[in-house]
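Observations on the three-dimensional arrangement
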Amino acid sequence: MQKIALTIAAVASAALLFACHPAPPAGHPPALTPPPGSTANPPLIPHAVAEADSGADCLACHRDGEEGAPPTPHPWLVDCRQCHVPQLEGVAPFPPAY
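Residues numbered from 1 in each chain as written. Predicted model: local features only at pLDDT ≥ 70, side-chain atom pairs only at ≥ 80, totals over all residues. Heavy atoms only, no water.

**Quick notes on the overall build of the protein**
Definition in use: Under the scheme used here, helices are H or I runs from DSSP no shorter than 4 residues and strands are E runs no shorter than 2 residues, and both carry numbers assigned from the N terminus. Note on exposure labels: buried denotes an accessible area under 20% of the residue type's maximum, exposed denotes more than 50%, and partly exposed covers the range between, all computed with a 1.4 Å probe on protein chains only. In this description, contact between two residues means that some pair of their heavy atoms is separated by no more than 4.5 Å. Here the Shrake-Rupley method, with its probe set to 1.4 Å, supplies the accessible areas, and only the displayed protein chains count as covering residues.
The secondary structure content of the protein amounts to two helices and zero strands. When the 98 residues of the protein are sorted by exposure, 12% land in the buried category. Here the analysis covers contacts within the protein between residues at least 6 apart in sequence; of these, 66% occur between residues at least 24 apart. Split by element, the accessible area of the protein, about 7,600 Å² in all, is 66% carbon and sulfur.

**As for the environment of Cys 61**
By the secondary structure assignment, Cys 61 is in helix 2 (residues 55–62). The spatial distance from the C-alpha of Cys 61 to the C-alpha of Thr 72 is 9.3 Å, given a sequence separation of eleven residues. Beyond its immediate sequence surroundings of up to four residues, Cys 61 is in contact with Glu 66 and Ala 69.

**Some thoughts on unusual backbone geometry**
One non-glycine residue, Glu 67, lies in positive phi territory at about 50°. Relative to the helices and strands, Glu 67 resides in the segment after helix 2.

**Things to note about the environment of His 62**
Filter applied, for reference: Polar contacts, as counted here, are pairs of nitrogen or oxygen atoms within 3.5 Å of one another; within protein the pair requires one atom able to donate a hydrogen and one able to accept it, and residues that are adjacent in sequence qualify only if both atoms are side-chain atoms.
Among the secondary structure elements, His 62 is positioned in helix 2. When its relative accessible area of 22% is taken as the criterion, His 62 is described as partly exposed. Residues His 62 and Pro 75, spaced 13 residues apart in sequence, show a C-alpha to C-alpha distance of 8.2 Å. Once residues within four sequence positions are removed from consideration, His 62 is found in contact with His 47, Ala 69, Pro 70, Pro 71 and Thr 72. At 2.8 Å, the side chain of His 62 forms a polar contact with the backbone oxygen of Pro 70.

**So, the environment of Cys 83**
On the secondary structure map, Cys 83 appears in the segment after helix 2. Remark: the alpha-carbon pair of Cys 83 and Leu 44, spanning 39 residues in sequence, is separated by 9.0 Å.

Listed below in structure tokens is the structure:
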């Protein structure tokens, strides 16, 4: 009985992991592996973000690096604020470690 419960828990955990981060489309490298030496933390959002903004709003600039915005390495992930959070007001932006 305990083996069955552990198996179910493992399968459920794997399903949640892959549901949160879908596989990249063909031809794209896996972008969710942090480079060696990084903190592995997603970069903060160093500008104002409206509560109603969606991933489409982010990708308007970050898909191709418009107007100096850093291009995203994973444009197929559209729920940006699932990982990235706005930086606190009054705190100077800092570059990511990678």
